[in-house]
Every structure is written in structure tokens, then in C-alpha cells.
Amino acid sequence: MADFRDYTCPLCAEAQRDPVTIPCGDTFCLDCIKIYWDHSDHLGVYSCPQCQATFTPRPILRRNVPNVGNREHRQPLPELTPFPYKRDALCDFCTGRRNRAVKSCLMCLAYYCETHIKPHYESATFKRHKLVDETGHLDRKICPQHEKGLELFCRSDQMCICVLCTVREHRSHNIVSADDERTEKQKVLVVTQTEVQHVIQDRMKELQELKHNVDVLKGNAQRAQTDSDKIFTEMLQAVERWHAEIIQLIQANLQASMAQAQGYIERLEQEIMELQKRDAELRQILETEDNIHFLQNFPTLSVAPEPMVPKVLINPEFSFSEITKTVSDMKEHLDDICKKELGNISKQDSCKLTFDLNTAFKELALSDGNRRVIRKRTTQYYPDHPERFDGFCQILCREPLSGRRHYWEVEWNGEFSIGVAYKSISRKGKNSNSLLGYNDKSWSLLCSDSGYSAWHNKMDKDLPGAVHASRIGVYLDYSGGSVSFYAVSETIELIHRFKATFSEPLYAGFGVGSSVTLCVMEKKQ
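Note that the coordinates shown come from a computational prediction; the quantities given were computed from them, not determined experimentally.

**Q** For this particular structure, what's the right way to read the overall build of the chain?
**A** Per the secondary structure count, the chain includes 6 helices and 23 strands. Here the contacts in the chain between residues at least 6 apart in sequence split such that 57% fall between residues at least 24 apart. Counting only carbon and sulfur atoms, one obtains 53% of the accessible surface of the chain, whose full area is about 33,500 Å².

This is the structure in C-alpha cells:
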């Protein structure tokens, strides 16, 4: 006869201590089954943890020594059968087309529609059952280890548990009912909710102020645009007036010079006619055979003629060269003013950018606080990242650009490309989808010692005659739908301007040949 201690309690998985047999015939430790049933007192229904048989009222427990026979012939204890339950939010009792569940029962561990839930409200049999609103997560309300409803809370481990957990894993822990713990934690949530509501109020106020500021900004921008249009219209009208006055001055000088020249022309023509008449007389006297006639006219014809009209020189340039020089000086002066003011406006919109290491091709090394990038031609030990370019020597900046105007400048060595791109641009492979300017997600300017070319969506445009500069400025007018590239030296010269409608935030992007440095610019106060 084997000792009863050689047998394992299904609840604590240890040798049975003070074993008791419950009405269904299964045997447990006295303390184990007592603790297990203590947590079912609020329901009034007691079940066997082994075969799921239910008892009402609570059976009386008495110690006994089970007749277990020879240990060698003992049958292994069956595993606890998982309670079947549905993981969707459809009624478990509908036939045919199943209706949507509106409640779930933590005692039955089942879903109920509006029709099949009625017995729980109408029959006294279900009065101790716990109904909750259906959230579609009944599986989260069941202990994954014991397939029992989670009705308790272990404060020691801060987790929901079932009654079986109290016998094994959470024995001697600080355990309370889920209702009691919910009451305590609800107080905390009420405080949190109050804080959330205060934050909401603050954010609503901040939102209203932001919207107000945006409206004011739009109004100011509209007024600035209207004023600018008016001023430039007046400037154009002034230029037209200056143009008309210059034309009038040119015509007046032309008319005066023409009048003077015309008088000289008439007098010269008269003198030429007189000289031609005398030439004819001289020819005639020279050809005569009458010596007496020749000698009698010789004194008169031998006197050399004197010019009737002094020699006059008309300068074809006259004073027009001075007028042209004056007009040219006016243009250069106006250009200087416009370029200077454009530079000041650009500095107002200047933004501080930094390179994003996570996008850098593995031959690029960053320095100077991620504001300088150099191509090393050797692989850098960067971790794999979904945003890293792995096919082309390219890099993006971290800062998203949208909503307003932005300006930045870079210094470069070696052939390179500069532009803007959406974050959704491809980063993988050597194909046009991931090359700046070769897709519909990016706009770029290709720069080399031989010149520039503009690229977008595989369409290129050579830019002959553009000023070469080692510093390039980029002016992004996001809301205005344009991105412009400038050659920056002592002056700022426009290289090219793209017009587009932007649908996502943009990021400054670069294809690096040798090195690129993001310039530090001070905003104009």
C-alpha cells in the first residue's frame, strides 16, 4: 500500500497534504481546495478544478486517505481541459447567422447577443453571474494558464489572476477581488482624468491661440503681398516714366543734332554747286584756242576759291553714350538694391539644418555636429536602418520643411547634387526611385565645375551661363509652391526655380561627391 503523499495535488502540483475527496471523486490538498473555493463564495457555485463539476451548496470537506492501490498501477492525472471560448465578438448561442455580441459573462466565459442574454436578466439561476459590456477581448479576461476567468488581483505582482493562481503561483500573496482593486485604482484614474482634462483645456487654449496666430499671419502675409504688389506696380510705373523720359531726351538730342546738321548740309550742297560751275568754266577756258580770250579771263579764274562753309564734324555717338551709361548705372544700382534686400529676406527665413545619420550612405562620415559630411570611399560601420540610402552616396537632413518659407546655404567640393525630397522617397537599391531628382518625389540641382542642370522626375534641363559658385543657396517657398537655387558670392544670382504643388513635408537632400557643409547663417533681427 503506497503512502497518499506519493500522489500529486492537481492544484499545487505537489505531494498531497491532508487530502480530501470532493463529491465528484477527485482528490486535493485540504488547504488547496479550501483556498480555491473561498474565492467562489461570492458566486455561491463551487466547481471542481479537475472535471469542472459544480456543487451547490459548498461541500463539506473531510480529511481522508484515498484507496490508491499500487503506485505502479496508478493512472496519470488528466490535464485540465481548456474551457472552450470564442475569440470574436459574435454571439456563442446563435445558430445560422450569428448576431453581434453585446455582453459577455465572466462566469460562463461566453458571448451573448441581445436575445440570448435575456435569461441572465430574467432567471435567478444566473443572478450571481458577472456580465460586462462586450469589448471583443474576452480572451484577455481568461487566465492563459488555467483557462479560468480572471476575478482576482494580485497586488504583490500587480496582475489579474484566477482562483487557481492563488493556490500555486500566487500563494500567500496580497490578493484582493478585482472589484476592490478597481475601486482603489479608479481613484487614481479620476485624478489622472482631471489632469488630462486640464491638459486638454491648456491644449485647446494653445490651439485657439495658434489658430488665431495663423489667421493673423495669413492676414499679415496677404497685406504684405498686396503692399508689395502695389509698390512693385508703382516701381514699374516709375521705370516706365523714366524710360519715357530717356526716350524723350534721346529724341530731343537727335532732333537738335539733326537740325544743326541739316543747315550744314544745305550750305555744303550750295558751295559744291558753285565749285562745280567754276570747274566747268576752267575746263572751258583750258580747252579754248583763242589766246586773247584765255588771257583776258585768266586773272579772274586763276584765283583759288575759298571755302564758303567751315568744316563741320558731326559725332555719330554725340551725347547718347552718356545717356546709355546713365541708364546702365541705374540698372546696376537697382540690381544691387534688389540683391541686397533679397539677401536680407533670405536671412530672415534661414533655418538651421543637420544631417540625419540614419539616412547616410555607408561611405559618408559626419562631423561638426552633423553639419559637415565627407565621402570617405571606405565603408563606415553604421547599423542597418530602413531610412538609409544603400545604393547612392546620398543623405537627407533631419528637419521637416513645410508650411512657410525656408532658406539654407551649403558649401561644396566635387560634383554634387542639392535639392529637396519627400520622406517617402525610396532608399534602397540603385534605381531612379531612390536618386534625387529622378522621380516625382524630389527636385534637385546637379552641380559640377562644368555647370549646372536641374532635375525632376527624370526630366533634366541644362542651365548654360549660370554663375559658378562654391556656395549654393536654396529658397523653399512651401505654400507658394516653389524651390529656387542661387549662386552665392558677393551677390546672389538665381540659377533655377522649380514650380510645384507640394503634398508632404520636404527634407533637404544631397548627393555627395567630395564634401558638403551646411552653412551657419544668422537671422536678421
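**Q** So what exactly am I meant to see when it comes to a nonpolar patch on the surface here?
**A** A contiguous nonpolar surface patch, about 610 Å² in accessible area, is contributed by Ile231, Phe232, Met235, Val239, Trp242, Met330 and Leu334. When residues of the nonpolar patch are assigned to their parent elements, the largest contribution, 5 residues, is made by helix H4 (residues 178-287). As for its placement among the helices and strands, Val239 is situated in helix H4.

**Q** For this particular structure, what's the right way to read the pattern of salt bridges?
**A** Oppositely charged side chains are able to pair whenever their charged atoms sit close together. The final tally for this structure, using the stated rule, is 14 salt bridges. Among the salt bridges present, the one from Lys185 reaches Glu181, with a minimum N-O distance of 2.3 Å. A residue pair is termed a helical-turn pair when its members lie 3 or 4 positions apart in one helix, as Lys185 and Glu181 do in helix H4 at 4 residues. Note that Glu411 and Arg471 form a salt bridge whose closest N and O atoms lie 2.9 Å from each other. Note that Glu411 is positioned in strand S14 (residues 405-413) and Arg471 in strand S19 (residues 471-477), a separation of 60 residues in sequence. Of the residues examined, Glu411 reaches a relative accessible area of 37% and is grouped as partly exposed. Judged by relative accessible area, Arg471 falls into the partly exposed class, the value being 25%. Through salt bridges that share partners, Lys34, Asp38 and Arg58 make up one connected network.

**Q** So what exactly am I meant to see when it comes to the sheet that holds strand S6 (residues 110-112) here?
**A** Neighbouring strands of a sheet are bound in pairs by backbone hydrogen bonds; such pairs are parallel or else antiparallel. The strand order S6-S5-S7 describes an open sheet built from 3 strands, whose pairing is antiparallel. Two strands bound the open sheet, and with one partner strand each, they are S6 and strand S7 (131-133). Averaged over all adjacent pairs, the angle separating strand axes in this sheet is 35°, with direction ignored. Strand direction decides the pairing type here: strand S5 (residues 103-105) and S6, joined by 3 bridges, are antiparallel. Its bridge partner lying in S6, Ser104 is registered against Tyr111.

**Q** Hey, could you run me through the confidence of the model for the chain in this one?
**A** Detail in the predicted coordinates should be disregarded across regions flagged by low pLDDT. Across the chain, pLDDT averages 83, with 86% of residues at or above 70. For residues 66-87, every residue scores under 50 in pLDDT, and the model assigns this stretch 37 contacts once sequence neighbours within four places are set aside.

**Q** I keep staring at the sheet that holds strand S11 (residues 364-367) and nothing clicks. Help me out?
**A** Spatial ordering of the open sheet is given by S11-S12-S23-S14-S19-S20-S21, a layout of 7 strands whose pairing is antiparallel. Looking at which strands have only one partner, the edges of the open sheet turn out to be S11 and strand S21 (492-499). Across this sheet, the average inter-strand angle for adjacent strands is 20°, counted without regard to direction. As judged from the 3 bridges shared by strand S12 (residues 372-375) and strand S23 (residues 515-518), these two strands associate in the antiparallel manner. Each residue of the ladder has a partner; that of Arg372, found in S23, is Thr517.

Rules behind the numbers
Residues numbered from 1 in each chain as written. Predicted model: local features only at pLDDT ≥ 70, side-chain atom pairs only at ≥ 80, totals over all residues. Heavy atoms only, no water. Helix = DSSP H or I, 4+ residues; strand = E, 2+ residues; numbered from the N terminus. Contact = heavy atoms within 4.5 Å. Areas by Shrake-Rupley, 256 points an atom, 1.4 Å probe, with all protein chains shown as cover. Patch = residues over 30% accessible without salt bridge, like charges linked within 9 Å, V, L, I, M, F, W, Y side chains within 5 Å. Salt bridge = Lys/Arg side-chain N within 4 Å of Asp/Glu carboxyl O. Buried < 20%, exposed > 50% of the residue type's maximum accessible area, 1.4 Å probe, protein only. Pairing = 2+ DSSP bridges. Axes fitted to C-alpha atoms, helices over the stretch in contact; angles between N-to-C directions. pLDDT = per-residue confidence, 0-100.

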